[in-house]
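Given next are the chains, with one letter for each unit.
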Amino acid sequence: MENTSIAPLLDVRNLATWFYMPKNLFSRKNDPIRAVDRVSFFINQKETLGLVGESGCGKTTLGRTILGLETPVDGEIIFSGKKIAGAGTALKAKDEKNLRKRMQVVFQDPLSSLNPRMNVMDIVTEGLLEFKMIKKKERADAARRLMGVVGLDKDAIYRFPHEFSGGQRQRINVARAISLNPKLIICDEAVSALDVSVQAQVINLFSDLREKYGLSYLFISHDLSVVSNIADRIAVMYLGRIVEQGRCEDVIFSPMHPYTRALIDAVPVAGKEKQQKMPLSGDVPSPLSPPPGCTFHPRCPKAMDVCRKTFPDVVSSGVIGEHRVACHLY
Ligand code: SF4
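Predicted model, so just to flag it, every value in this text is computed and none were measured. Think of each chain on its own: its residues are numbered from 1, step by step along the sequence as written. Confidence filtering applies because this is a predicted model: local features only for residues at pLDDT of at least 70, side-chain atom pairs given and counted only at 80 or more, and all residues used for totals across whole chains, interfaces and linings. With hydrogens and water set aside, each side-chain value is computed from the structure's full complement of heavy atoms.

For the rest of this paragraph, the subject is the overall build of the protein chain. Helix and strand assignments follow DSSP, with helices taken as H or I runs no shorter than four residues and strands as E runs no shorter than two, numbered in order from the N terminus. Helix and strand counts for the protein chain come out as 9 helices and 12 strands. Based on C-alpha atoms, the radius of gyration is set beside the globule rule, defined as 2.2 Å times the residue count to the power 0.38. In terms of overall size, the protein chain behaves like a compact globule, its C-alpha atoms giving a radius of gyration of 21 Å where 330 residues would be expected to give roughly 20 Å. C-alpha extents for the protein chain along the principal axes are approximately 70 × 55 × 50 Å. With a 1.4 Å probe rolled over the protein chains alone, any residue whose accessible area is under 20% of its type maximum counts as buried; one over 50% counts as exposed, and the rest are partly exposed. For the protein chain, the proportion of its 330 residues judged to be buried stands at 49%. A contact between two residues is defined here by any heavy atoms of the two lying within 4.5 Å. In the protein chain, 62% of the contacts between residues at least 6 apart in sequence involve partners at least 24 apart. Calculation of accessible area relied on Shrake-Rupley with a 1.4 Å probe; when residues are assessed, cover is drawn exclusively from the protein chains displayed. Surface summary for the protein chain: the accessible area is close to 16,700 Å², and the carbon and sulfur share equals 50%. Here the positive residues are Lys and Arg and the negative ones are Asp and Glu; neither His nor the chain ends is included. Taken as the charge centre is NZ of Lys, CZ of Arg, CG of Asp or CD of Glu, depending on the residue. Averaging the positions of the 45 positive and the 36 negative side-chain charges in the protein chain gives two centres separated by 5 Å.

Next up, the structure:
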């Protein structure tokens, strides 16, 4: 799937998105919350990058920054060869609108993402009308076509979101996302609220659509086992930074970072219920006052003196250096 001979569809370089808490009696200075800190990765055309990490590690903020919903304090984002965020970037309204068309999102909660007062036809064709890709009288035909593409009953276009199951509602969200022929879809915990059997069906739908329409995905999830079912490459995030990334098989079968190993050990295995607990001590530190050095050191079973002082540089491994890790062990 990976094709390094052409420029990536999405190229994120040293991206940083920080938030500032209001000053109060207990905080003498206005320290930033480094939700995303010096993050770099790329997504090729027709490729899926899985982004995994525990809740609160910055995955969603990273997705929102790419979508233009948060403003980065540093770094840059290049999409389809055009810089869309970073120093000196000022997109014209027309470019921003065009960007919205080519980059779509599917959120975790299928119900709250859908307007309960709109029927399915209005939901999935709203963007088509806004971008003048169809006329009003063509709505029903367009909606039926989209329903068919995502495996739903074409005659259900006049029904409302509450009349569908959770899996069906997520398919409606997917229909809306693909309606504008996007290049990239950001799936933010898009299957996390679904039953396991339904999860598999929706993941298969994402895979089929990628083949059919040449889509790329940034597939964000806390669940490494889910991500491994769809991703070509995986990036592991901890406290705002990507600590390991590489081809799916390399990260899953030859993990380098101790945090990635812990995530893999936490994946449930049939007959080994004890394995379901994350084998890590301590809690995730606050992003407001991250530990010095490697931010994983308070929980790392392999921490050394240097880890408490210096954040490790990213080093490459693998045949063409596509497996990268930030850890003093390497
Ligand atoms: Fe553990 Fe040190 Fe590697 Fe951080 S740099 S993951 S503390 S060994």
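Next, the rest of the story.
If you check which residues of helix H4 (residues 139–149) are buried, you get Arg 139, Ala 140, Ala 142, Ala 143, Leu 146, Met 147 and Val 149. Structurally, H4 contributes buried residues whose contacts are with helix H3 (120–130), helix H5 (166–178) and helix H6 (196–213).

On to the sheet that holds strand E4 (residues 74–79). When DSSP finds at least two bridges between two strands, those strands are taken to pair. The sheet built from 4 strands is open, its strands ordered E2-E1-E4-E5 with antiparallel pairing. Looking at the sheet topology across the chains shown, the edges are occupied by strand E2 (32–43) and strand E5 (82–86). Neighbouring strand axes in the sheet, compared pairwise and without regard to direction, differ in orientation by 25° on average. Direction of pairing for strand E1 (residues 10–20) relative to E2: antiparallel, over a ladder of 8 bridges. Only C-alpha atoms enter the line fits that serve as axes; for helices the fit covers just the stretch in contact. Angles between N-to-C directions range over 0 to 180 degrees.

With that settled, consider the sheet that holds strand E11 (residues 314–317). Across the sheet, which stays open at both edges, the 8 strands sit in the order E6-E7-E8-E3-E9-E10-E12-E11 with mixed pairing between neighbours. Of all strands in the sheet, those bounded by a partner on one side alone are strand E6 (103–106) and E11. The average angle at which neighbouring strand axes cross in this sheet is 20°, direction not considered. In this fold helix H1 (residues 59–66) packs onto strand E3 (48–52), E6, strand E7 (184–188), strand E8 (216–221) and strand E9 (233–238), with an angle of close to 150° to the strand it touches most, E8. Helix-sheet contacts for helix H9 (residues 258–265) involve E3, E9 and strand E10 (241–247), and the interaxial angle to E9 is about 105°.

It is worth spelling out the pattern of salt bridges at this point. Salt bridges, as used here, are contacts in which a Lys or Arg side-chain nitrogen is within 4 Å of a carboxyl oxygen on Asp or Glu. The full count for this structure, using the stated rule, is 19 salt bridges. Close ionic contact of Arg 64 with Glu 70 constitutes a salt bridge, the shortest N to O distance being 2.9 Å. Under the relative-accessibility criterion, Arg 64 is labelled partly exposed at 30%. The network of salt bridges with common partners includes Asp 11, Arg 13, Glu 76 and Lys 83.

What follows covers the site of the ligand. Near, as used in this document, describes a residue that has one of its heavy atoms within 4 Å of the molecule or strand being considered. Taken together, 13 residues surround the ligand, and among them Cys 294, Cys 300, Cys 307, Cys 327 and His 328 come closest. Each residue is assigned to one class: nonpolar for Ala, Val, Leu, Ile, Met, Phe, Trp, Tyr, Cys and Pro, charged for Asp, Glu, Lys and Arg, and polar for all the others, Gly among them. When the residues that make up the shell around the ligand are grouped by side-chain class, the tally is 9 nonpolar, 3 polar and 1 charged.

Keep in mind these numbers describe shape, not what the thing actually does.
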